[in-house]
Amino acid sequence: MTIKAVGYSYEECRKALEKMIILDELPFNFVENQIFKSFCKVMQPKFDVPSRLTICKDCLKIYVDEKEKLKKALKDQRLCLTTDTWTSIQNINYMCLTAH
């Protein structure tokens, strides 16, 4: 077994948290959950869990950045768009947009 030193980066931890919130579609107030805060303290005592407002701002910034990347990637491209809508068993409405 090899042991190696691992560095700590507050920014990397925060980015991972933001990614988790976005990809798992968690509510922003998830970070205020006491069990989650306790888990974070056990995993990395140096990590101060940001507030829900800070997480919201960070996720919005990611959205804006990704939107700009998409605009640049699609610049001068021809697109065909198709939409589809459906309602889940839980009576939640969904819409899918597909670009060709």
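In this report, we go over the structure that sits alongside the text. (Residues numbered from 1 in each chain as written. Predicted model: local features only at pLDDT ≥ 70, side-chain atom pairs only at ≥ 80, totals over all residues. Heavy atoms only, no water.)

## Overview of the overall build of the protein
Tallying secondary structure elements over the protein gives 3 helices and 2 strands in all. Overall, the protein shows an N-to-C arrangement of helices and strands of α-α-α-β-β. C-alpha atoms of the protein, sized along the principal axes, occupy 50 × 35 × 35 Å. When each of the 100 residues of the protein is scored for burial, the buried share is 13%. Intrachain contacts of the protein at a sequence separation of at least 6 include 35% that bridge at least 24 residues. Looking at the protein as shown, the accessible area adds up to about 8,800 Å², and 59% of this sits on carbon and sulfur atoms. Measuring between centres, the 16 positive side-chain charges of the protein sit 4 Å from its 13 negative side-chain charges. (Helix = DSSP H or I, 4+ residues; strand = E, 2+ residues; numbered from the N terminus. Buried < 20%, exposed > 50% of the residue type's maximum accessible area, 1.4 Å probe, protein only. Contact = heavy atoms within 4.5 Å. Areas by Shrake-Rupley, 256 points an atom, 1.4 Å probe, with all protein chains shown as cover. Lys, Arg positive; Asp, Glu negative; His and termini not counted. Charge placed at Lys NZ, Arg CZ, Asp CG, Glu CD.)

## Brief notes about the packing of helix 1 (residues 10–23) against helix 3 (residues 52–74)
It is the contact of helix 1 with helix 3, at a shortest axis distance of 10 Å, that shows an interaxial angle of 80°. Taken together, the axes of helix 1 and helix 3 lie roughly perpendicular to each other. Here Arg14, Leu17, Glu18, Ile21 and Ile22 of helix 1 come into contact with helix 3, specifically with Thr54, Ile55, Asp58, Cys59 and Ile62. Partitioning the contact of helix 1 with helix 3 into residue classes produces 6 nonpolar, 1 polar and 3 charged. (Axes fitted to C-alpha atoms, helices over the stretch in contact; angles between N-to-C directions. Parallel < 35°, antiparallel > 145°, perpendicular 65-115°, else oblique. Nonpolar A, V, L, I, M, F, W, Y, C, P; charged D, E, K, R; others polar.)

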